[in-house]
Amino acid sequence: MKFNDMLKKKKKENTDTPENMNTTDQENIQDDGQEQAQTETAEQEVVDAPSAEDKLKEELAQANDKYLRLYAEFDNFRRRTQKERAEARETEGKELLVALLPVLDDFERAQRSMEKAVDVTSVKEGVTLIQNKLKNILGQKGLKEMESVGAPFDADLHEAITNIPAPTDDLKGKVLDEMEKGYYLKDRVIRFAKVVVGA
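Before going into details, it helps to say that this report is about the structure given with it. Quick caveat, the model's predicted, so the values are computed rather than measured. Sequence order sets the numbering: in each chain, residues are counted from 1 along the sequence as written. In view of the model being predicted, local features appear only for residues whose pLDDT reaches at least 70, and side-chain atom pairs are presented and counted only at 80 or more, with totals across whole chains, interfaces and linings using the full set of residues. Only hydrogens and water are set aside; all other atoms, that is, all heavy atoms of the structure, feed into the side-chain values.

1. Focus: the nonpolar core
Here is the rule: Throughout, nonpolar core names a set of buried Ala, Val, Leu, Ile, Met, Phe, Trp, Tyr and Cys residues whose side chains join them through atoms within 4.5 Å. Each residue is placed in one exposure class: buried if its accessible area under a 1.4 Å probe, protein chains only, is under 20% of its type's maximum, exposed if it is over 50%, and partly exposed if it falls in between. Helix and strand definitions follow DSSP, with helices as H or I runs of at least four residues and strands as E runs of at least two, each counted in order from the N terminus. The criterion used for residue contact is that any of the two residues' heavy atoms lie within 4.5 Å.
Residues Met-146, Val-175, Tyr-184, Ala-193, Val-195 and Val-197 constitute the largest nonpolar core, which totals six residues. In terms of residue count, the dominant contributor to this core is strand S6 (residues 193-198) (three residues). If we ignore the near neighbours within four places in the chain, the residues touching Val-175 are Ser-148, Val-149, Gly-150, Ala-151, Phe-153, His-158, Val-195 and Val-196. Ranked by size, the runner-up nonpolar core spans five residues in total, among them Ala-99, Val-103, Ile-130 and Ile-137.

Laid out in structure tokens, this is it:
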């Protein structure tokens, strides 16, 4: 019977509820539960916290996004600039052509008047007036005639057609005659003067 009593006692100890436990055991269980909860929370924070690799991936994604936006912006700028240049090339001579239209009108009037004209002097005067008007318009746009006759030959300004013996020694190496005028556009040579040089 004693053995059975012991078994019953043991069974009773195993089936004891927390109310029947002593306070030390209860405190130990509570401490173990708190430690386990803290450990689980810390593990979860470690899992939730982004790793260095994740941070680098995020930074790379941001840099890539920034690069793509910058590239798209530059591409748009390049296209817009090309379009503006193409438009400018199409209309770059417009201002000069509009300024020359009155000269064209004058030439048409001169042609009509030449058909009925009997006096050559008035025709010459009309052509001279038109020429002066044309020179004034071109001068306003920056065109300037090159003065070559009597000047020393300069390969940067003149194109020698031929050499002829100079009438005097002081004319050697100088321009004696001009076959075709040279022109500057705002101090830059746009056409070389074709000249005859004294030898």
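Resuming the write-up.
2. A look at the sheet that holds strand S3 (residues 175-180)
Put simply, the test is: Paired strands, in this sense, are two strands between which DSSP finds at least two bridges. For every element, the axis is a line fit to its C-alpha atoms; helices are fit only across the contacting stretch, and the angle between N-to-C directions ranges from 0 to 180 degrees.
Spatially, the three strands line up as an open sheet ordered S2-S6-S3, and their pairing is mixed. Two strands bound the open sheet, and with one partner strand each, they are strand S2 (158-164) and S3. Across the sheet, the mean angle from the axis of one strand to that of its neighbour is 30°, orientation sign disregarded. Alignment of S3 against S6, held across four bridges, turns out to be antiparallel. Pairing of Glu-180 across the sheet is with Lys-194, part of S6.

3. Some points on the packing of helix H4 (residues 94-116) against helix H5 (residues 120-140)
For clarity, the cut-off: By definition in this entry, angles of less than 35 degrees are roughly parallel, angles greater than 145 are roughly antiparallel, angles of 65 to 115 are roughly perpendicular, and the rest are oblique. Under the scheme applied here, ten amino acids are nonpolar (Ala, Val, Leu, Ile, Met, Phe, Trp, Tyr, Cys and Pro), four are charged (Asp, Glu, Lys and Arg), and all others, including Gly, are polar.
Where H4 meets H5, the axes come as close as 10 Å, and the angle between the chain directions of the two elements is 175°. Judged on the interaxial angle alone, H5 and H4 are roughly antiparallel. Each of Leu-96, Ala-99, Leu-100, Pro-102, Val-103, Asp-106, Phe-107, Ala-110 and Met-114 in H4 lies in contact with H5, whose residues at this interface are Val-123, Ile-130, Lys-133, Leu-134, Ile-137 and Leu-138. Looking at the contact of H4 with H5 residue by residue, the classes come out as 13 nonpolar, no polar and two charged.

4. Points about the side chain of His-158
Where we set the bar: Whenever a nitrogen or oxygen atom comes within 3.5 Å of another N or O atom, the pair is scored as a polar contact, on the condition that within protein one atom can donate a hydrogen and the other can accept it, and that pairs from neighbouring residues in sequence are kept only if both atoms are in side chains.
The residue His-158 is located in strand S2 in this model. Within the local environment of His-158, its side chain forms a polar contact with the side chain of Ser-148, the two groups lying 3.3 Å apart.

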